[in-house]
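Architecture and fold: a report
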Amino acid sequence: MYIYLLMESNIYAIIGGPGRGKSTTLKELGKLGFDIVEEAAEQIKKEQLALPNPILPETNFLGFQRLVITRQVDLESRINGKITFTDRGRPDNLAYCRMKGVEVPYDMQKAVDEGTYHGIFSLSRLQVYVQTDIRTESESEADVMHGLIESVYQERGYPVIQVPLLEAPERAKWIVNNMRGEQNGWML
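Just so you know, these numbers come straight off a predicted model, no measurement behind them. Within every chain, residues take consecutive numbers counted from 1 along the sequence as written. Local features in a predicted model are, by the rule used here, given only for residues with pLDDT of at least 70; side-chain atom pairs are given and counted only at 80 or more, and totals for whole chains, interfaces and linings are based on all residues. Only hydrogens and water are set aside when side-chain values are computed; all heavy atoms of the structure are taken into account.

Our focus in this paragraph is the overall build of the protein chain. Starting at the N terminus, helices and strands are each numbered in turn, a helix being any DSSP run of H or I of at least four residues and a strand any DSSP run of E of at least two. Within the protein chain, the secondary structure is distributed over seven helices and five strands. Only protein chains enter the accessibility calculation, which uses a 1.4 Å probe; a residue is then buried when its area is under 20% of its type maximum, exposed when over 50%, and partly exposed in between. Out of the 188 residues belonging to the protein chain, those deemed buried represent 47%. Any two residues whose heavy atoms approach within 4.5 Å are treated as being in contact. Within the protein chain, contacts between residues at least 6 apart in sequence are counted, and of these 76% link residues at least 24 apart. Carbon and sulfur atoms form 54% of the exposed surface of the protein chain, whose accessible area is close to 9,500 Å². All accessibility values rest on the Shrake-Rupley procedure with a 1.4 Å probe; residue burial counts only the protein chains present in the view.

Next up, the structure:
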């Protein structure tokens, strides 16, 4: 069991399985004036699809996960101390490994262990699930993945705050109004 340590992190992770509206909600948080970090896995997948010999989760799972965790660490290292929301966090990599039945390599586990978050918000399932070139999981796989993602954060001692199903602008406001800590004076 990991102990949740509230460090000087001002990073809030928006989590959930594929197709939960994380990216859309993150954009709405950006419109409210918060710094945001877009999903590392989506960035990597788009870049890899443009290459002649791409590293993709379907063909080189661990290679892809290593690219993702490296990017996530890099993106988080650029955060300047302001309150920032990320589209997923480092522990998501553990959930994906668990889903595939793959042992987590030491370097990936170390990168996950070195990341801390001030809060974790898990998005409720949207009414319609749409597969895309980037989001290739079936609806049932996305639901299983959602449960695994929440589990890895809870196992690490993070309280996972459940965000109700609302339109994206309202979800963003709900998140801001339910942030823990000294920033809790905001009401939108």
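The term nonpolar core refers to a set of buried residues drawn from Ala, Val, Leu, Ile, Met, Phe, Trp, Tyr and Cys, joined through side-chain atoms within 4.5 Å. Ranked by internal contacts, the top residues of the largest apolar core, which has 29 residues, are Ile15, Ile120, Ile149 and Tyr153. Counting residues per element, the ones that place at least two in this core are strand E1 (11-15), helix H2 (40-49), helix H3 (61-77), helix H4 (92-100), helix H5 (106-113) and helix H6 (139-155). For Tyr153, the residues in contact, after removing those within four places along its chain, are Ile15, Arg88, Gly89, Arg90, Pro91, Asp92, Ile120, Tyr158 and Val160. Residues Tyr12, Ile161, Ile175 and Val176 belong to the second largest nonpolar core, which totals 15 residues.

So, on to the sheet that holds E1. With parallel pairing, the five strands of this open sheet are ordered in space as E2-E3-E1-E4-E5. Where the open sheet ends on each side, the last strands, each with one partner, are strand E2 (35-37) and strand E5 (160-163). For this sheet the average axis-to-axis angle between neighbouring strands, irrespective of direction, equals 25 degrees. Fitted lines through C-alpha atoms serve as axes, helices being fitted only where they are in contact, and the angles separating the N-to-C directions of these axes extend from 0 to 180 degrees. The strands touched by helix H7 (residues 168-177) within the sheet are E1, strand E3 (84-87), strand E4 (119-123) and E5, with E5 carrying the most contacts at an inclination of about 145 degrees. Strand pairing is assigned whenever DSSP identifies at least 2 bridges connecting the two strands.

Next up on the list: the packing of helix H1 (residues 22-31) against H7. At a closest axis distance of 8 Å, the pairing of H1 and H7 adopts a crossing angle of 65 degrees. With respect to H7, the axis of H1 lies roughly perpendicular. Two packed elements cross with a definite hand, and for H1 against H7 that hand is right-handed. On H7, the residues touching Thr24, Thr25, Glu28 and Leu29 of H1 are Ala168, Pro169, Arg171, Ala172, Ile175 and Val176. Tallied by class, the residues present in the contact of H1 with H7 amount to six nonpolar, two polar and two charged. Working definition: roughly parallel below 35 degrees, roughly antiparallel above 145 degrees, roughly perpendicular at 65 to 115 degrees, and oblique for all remaining angles. The hand of a helix crossing depends on one turn: near helix anticlockwise from the far one by less than a right angle means left-handed, and clockwise means right-handed. All residues other than Ala, Val, Leu, Ile, Met, Phe, Trp, Tyr, Cys, Pro, Asp, Glu, Lys and Arg, Gly among them, are scored as polar; the first ten of these are nonpolar and the last four charged.

Now for the packing of aromatic side chains. Pairing of aromatic rings covers Phe, Tyr and Trp, the last through its six-membered ring, and needs centres within 6.5 Å; plane angles under 30 degrees mean stacked, over 60 mean edge-to-face, and all others mean tilted. Summed over the entire model, instances satisfying the criterion amount to five aromatic pairs. An aromatic cluster of at least three residues, connected via ring pairs, comprises Tyr12, Phe34, Phe85 and Phe121.

As a further point, take the confidence of the model for the protein chain. On a scale of 0 to 100, pLDDT captures the predictor's confidence in every residue. Of all residues in the protein chain, 87% have pLDDT values of 70 or greater, and the mean over the chain is 87. Per-residue pLDDT stays below 50 along residues 1-7; that stretch engages in 18 contacts with residues further than four places along the chain or on separate chains. A low-confidence stretch, residues 182-188 stays under pLDDT 50, and its non-local contacts, those more than four residues away or across chains, total 17 contacts.

Now for the pattern of salt bridges. Salt-bridge detection follows one rule: a side-chain nitrogen of Lys or Arg within 4 Å of a carboxyl oxygen of Asp or Glu. The full count for this structure, using the stated rule, is 16 salt bridges. Asp35 is the salt-bridge partner of Lys82, the closest N and O atoms lying 3.5 Å from each other. With Lys82 in the loop between H3 and E3 and Asp35 in strand E2, this residue pair connects regions lying 47 residues apart in the sequence. On the basis of relative accessibility, which here comes to 26%, the residue Asp35 falls in the partly exposed class. The salt bridge partner of Asp74 is Arg78, with a shortest N-O separation of 2.6 Å.

This part is about the environment of Tyr158. The residue Tyr158 is located in the loop between H6 and E5 in this model. Side-chain atoms alone can form a polar contact between residues adjacent in sequence; in general such a contact is a pair of N or O atoms within 3.5 Å, and within protein one must be able to donate a hydrogen while the other accepts it. At 3.1 Å, the side chain of Tyr158 forms a polar contact with the backbone nitrogen of Tyr117.

With that settled, the discussion passes to the pairing of E4. The buried count for E4 comes to five of five residues, which makes it a mostly enclosed element. Both faces of E4 are covered, namely the face carrying Gly119, Phe121 and Leu123 and the face carrying Ile120 and Ser122. The pairing of E4 with E5 spans four bridges and is parallel. If you follow Ser122 over to E5, its bridge partner there is Gln162.

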